[in-house]
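Breakdown of the fold
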Amino acid sequence: LCHPLNLNSINIEIKHDINNCSIDILAHATIDAKTGVEMEVLTGVSIAALTIYDMCKSIDREIKITDIKLIEKKGGKSGNYKIEND
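Residues numbered from 1 in each chain as written. Predicted model: local features only at pLDDT ≥ 70, side-chain atom pairs only at ≥ 80, totals over all residues. Heavy atoms only, no water.

**Quick notes on the pattern of salt bridges**
In plain terms, the rule: Salt bridges, as used here, are contacts in which a Lys or Arg side-chain nitrogen is within 4 Å of a carboxyl oxygen on Asp or Glu. Remark: exposure states derive from per-residue accessible area (1.4 Å probe, protein chains only) relative to the maximum for the residue type, with buried under 20%, exposed over 50%, and partly exposed in between.
Counted according to the given criterion, the structure contains three salt bridges. The shortest N-O distance in the salt bridge between K15 and E13 comes to 3.2 Å. With a shortest N-O distance of 3.9 Å, K74 and E72 are connected by a salt bridge. Using a relative accessible area of 40% as the deciding quantity, one classes E72 as partly exposed.

**Some details on unusual backbone geometry**
The following threshold applies: The way it works is that DSSP assigns letters per residue, a run of H or I at least four long becomes a helix, a run of E at least two long becomes a strand, and they are numbered from the N terminus.
Despite not being glycine, C21 has its phi angle at roughly 50 degrees, a positive value. Of note, C21 is situated in the loop between β1 (7–17) and β2 (22–31). You can call C21 exposed: its relative accessible area is 71%. With a phi close to 55 degrees, D67 is a non-glycine residue in the positive phi region. A residue is classified by how much of its surface remains accessible, and D67, at 62% relative accessible area, is exposed.

**A few points about the nonpolar core**
Definition in use: In this text, buried Ala, Val, Leu, Ile, Met, Phe, Trp, Tyr and Cys residues form a nonpolar core when linked through side-chain atoms within 4.5 Å. What makes two residues a contact is simply this: any of their non-hydrogen atoms within 4.5 Å.
Among the nonpolar cores identified, the biggest contains 10 residues, and these are I25, A27, A29, I31, V37, V41, V45, A48, A49 and I52. Elements supplying a minimum of two residues to this core: β2 and α1 (38–56). When residues in this core are grouped by element, the largest group, five residues, is from α1. Excluding its chain neighbours within four sequence positions, the residues that come into contact with I31 are L5, N6, L7, N8 and V37.

**Details of the state of the cysteines**
Formally: The disulfide criterion is simple: two cysteine sulfur atoms within 2.5 Å.
Applying the stated rule across the entire model yields zero disulfides. Its sulfur unpaired, C21 is 9.8 Å from the next cysteine sulfur, which belongs to C56. Assessed through its relative accessible area of 25%, C56 is described here as partly exposed.

**Points about the layout of surface pockets**
What counts is decided by this rule: Think of a 1 Å grid over the protein atoms and nothing else: a 1.4 Å probe that fits but is trapped marks a cavity, an open set flanked by protein within 12 Å on at least five of seven lines marks a pocket, and residues with an atom within 4 Å of a point count as lining. Grid points are joined across faces, edges and corners, and a volume is the space filled by probe spheres set on the points. Polar here means any residue other than Ala, Val, Leu, Ile, Met, Phe, Trp, Tyr, Cys and Pro, which are nonpolar, and Asp, Glu, Lys and Arg, which are charged; Gly is therefore polar.
By volume, the largest pocket amounts to about 1500 Å³. Looking at the largest pocket, it is lined by 46 residues, and the ones nearest its centre are D24, I25, L26, V45 and D67. Those elements that provide at least two residues to the lining of the largest pocket are β1, β2, α1 and β3 (72–73). Per-element accounting of the lining of the largest pocket gives the leading share, 10 residues, to β2. Partitioning the lining of the largest pocket into residue classes produces 23 nonpolar, 10 polar and 13 charged.

So this is what it looks like as structure tokens:
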């Protein structure tokens, strides 16, 4: 977010879970550079969640945005990361 990145791809997937009355947002990005893009992906998820919130707040004022987190990261200076048991 503080320097320009040449992203190879970015994908945001939105799934509606009727049983839990929730929406899951999953983002994935790739880059060839020696830097991670987790902040860009987390920002994309956050903006998608805020957009959905804005569109739905007139229906229910108790909407909550929760559990924005990094699930997996490969490469970059700090190496690989994958959340366990989630």
